[in-house]
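Chain by chain, the residues:
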Amino acid sequence: MDAILKVSGIGKRFVLHQAQSAVLTVLESISFALFPGECLVLSGHSGAGKSTLMRILYGNYLASRGSIRIRHGGEWLEMAGAEPRQTLALRRHTIGYVSQFLRVIPRVTALDVVMEPALLRGCARKTAQSKAEALLTRLNIPERLWHLAPGTFSGGEQQRINIARGFIAPWPLLLVDEPTASLDETNRQVVLDLIAEAKAADSAIIGIFHDRSAREAIASRFLNLESARAHTGGESFHAA
Amino acid sequence: MSALSCDTLLESRARRRADADEDSPENFSEATTPRPAWAAESPLLQAEHVTRLFGPEQGCQDVSFTLYPGEVLGLAGESGSGKSTLLAALSGRLLPEAGHVRYHDGKDWLDVHAVGESRRRTLLRTEWGFVEQNPRDGLRMSVSAGANIGERLMAQGARHYGKLRQAALDWLRHVEIEPARIDDTPGSFSGGMRQRLQIARNLVSFPRLVFMDEPTGGLDVSVQARILDLLRNLVRELKLSVVLVTHDLAVARLLADRLMVMRRSRIVEAGLTDQILDDPQHPYTQLLVSSILKV
């Protein structure tokens, strides 16, 4: 089977113009390929650049160097230098992202937050709604919360809303950043099951898990970002 | 272009609804994933080196970009950076001293400033919309809410009273104004209601391209949230292309797909909204983003 993602030599430096143009090098040169049905778990201590790599792959951060090619609709698309509408098309059909925190929008209900990715793909409202309800039920979000905006929900509830949103549509590539962080044992297991089902359906997954047993239950392989950096002999800080 | 009737507009809305209701395939095999849309799509608006200066670094200079159908482009920057001047030049209200603005009407490219005044006016009340920051500037304050909404349809040839009234009632509902207020003048409306009425008045003709100048600028925060929510849904449902001026980066995050940051008449940074706000590259953008207060 062909790869879904080919990352080669990506690096990330932040230039902080508000702090005497300090330069912060977070990633030196990361390369890997990812295949459908695989789960790649990113490892490395806090600050090693795991979330940075995720945000680069989702287009929120610009890579300072290197190439990221993603198979999208049967063609390879280079993300470095892609136009906004190309990145948005990728996000609509190819890359899903369960971020650590839910972005709450005033007046938008939990159900609408969850349905949005399906609707953006052109899924009928009715179908999207029944899928969303099934996911919210599975993640133990009580029905009385479905029609409320999640702004006032607890951290764990918001996280489960975010997870339901991430799993409402099938993604060729799914990025999950600490999806089990503030969940109880029951919900943690639901999330691990959802990930396993996505894998079985040939999604390629890249994940960050602090929870060791979760990590080991799900990983097909690991990418250690510290050793990736050590190989290239990079340093964390440079003074400009 | 022939004038559209009210009937075709209602049909076109029904058709767009029907499109949205069609179910998409469940799986993402290569056969069912749509081909990349950018392969064939033609741009809607093109700005090339647009320049209009009132003084050194006052106004806009050397602005170029291409807008595609369905894209929402935010213009961000502080007061006096030239956002509104650029918007006026793009929408044909202001003649640039250099550069071109071209609009693709579905068949041909038109030079927005070279077409005649009458063609430009037709554009402005059919395929384009313009939402002013102050609803007073965009509404006719002396006529009823219903007449404000019906005006574009009438300008396009709709004459059937019952249908005009029905369109007005539908749109009042879309923008969450009590339909019973249809015969009241905007003077009796609150600021938030006026802004929603102005939005209805602009969108009733299903424009392809809408210019917005700080549409939530003068409103209370609670009223702002309602309008943002409304705009967000309408933009998506009607697949509108929008050029949106805002100094509020939270508004840009919510509504804009892509962002151009202006400073002293120039674009200093442009790109995907998330990227500009999460990983700003230019010193000025970094300053702007880092100055936002979080609650």
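Please refer to the structure placed before this passage.
Residues numbered from 1 in each chain as written. Chains lettered and ligands numbered in written order. Predicted model: local features only at pLDDT ≥ 70, side-chain atom pairs only at ≥ 80, totals over all residues.

**As for the packing of helix H3 (residues 110-120) of chain A against helix H4 (residues 125-138) of chain A**
Residues and elements named next belong to chain A.
Thought 1: At a closest axis distance of 9 Å, the pairing of H3 and H4 adopts a crossing angle of 130°. Between H3 and H4, the crossing angle belongs to the class labelled oblique. Crossing of H3 against H4: the hand is right-handed. Contact with H3, carried on its side by Leu111, Val114, Met115, Ala118 and Leu119, involves Arg125, Ala128, Gln129, Lys131, Ala132, Leu135 and Leu136 of H4 and no other residues of that element.
Thought 2: For the contact of H3 with H4, the residue count by class is nine nonpolar, one polar and two charged. (Axes fitted to C-alpha atoms, helices over the stretch in contact; angles between N-to-C directions. Helix = DSSP H or I, 4+ residues; strand = E, 2+ residues; numbered from the N terminus. Parallel < 35°, antiparallel > 145°, perpendicular 65-115°, else oblique. Left-handed = near helix turned anticlockwise from the far one by under 90°. Contact = placed C-beta atoms within 7 Å. Nonpolar A, V, L, I, M, F, W, Y, C, P; charged D, E, K, R; others polar.)

**Examining the pairing of strand E7 (residues 209-213) of chain B**
Residue and element names in this part refer to chain B.
Thought 1: The element E7 is largely enclosed, with a buried count of five among its five residues.
Thought 2: Residues Leu209, Phe211 and Asp213 point to one face of E7 and Val210 and Met212 to the other, with burial holding for every one of them.
Thought 3: By the bridge criterion, four bridges tie strand E6 (residues 128-131) to E7 in an arrangement that is parallel. When the bridges of E7 are listed, Gly129 appears paired with Val210.
Thought 4: Relative to strand E8 (residues 241-245), E7 runs parallel, the two sharing five bridges. Residue pairing across strands places Met212 opposite Leu244, the latter belonging to E8.
Thought 5: Between E7 and its parallel partner E8, the chain crosses via helix H8 (residues 221-237), and the hand of that crossover is right-handed. (Buried ≥ 20, exposed ≤ 12 C-beta atoms within 10 Å, placed from the backbone. Pairing = 2+ DSSP bridges. Right-handed = clockwise from strand over helix to strand, strands pointing away.)

**Focus: the sheet that holds E7 of chain B**
Residues and elements named next belong to chain B.
Thought 1: Strand order in this open sheet of six strands is E6-E7-E8-E3-E9-E10, and the pairing throughout is mixed. Each having just a single partner strand, E6 and strand E10 (266-272) make up the two edges of the open sheet. The sheet shows a mean angle of 15° between the axes of neighbouring strands, direction not considered.
Thought 2: For strand E9 (residues 258-263) and E10, the ladder comprises six bridges, and the chain directions are antiparallel. When the bridges of E10 are listed, Arg263 appears paired with Arg266.
Thought 3: Sheet strands touched by helix H7 (residues 191-203): E6 and E7. Its angle to E6, the strand with the most contacts, is close to 170°.

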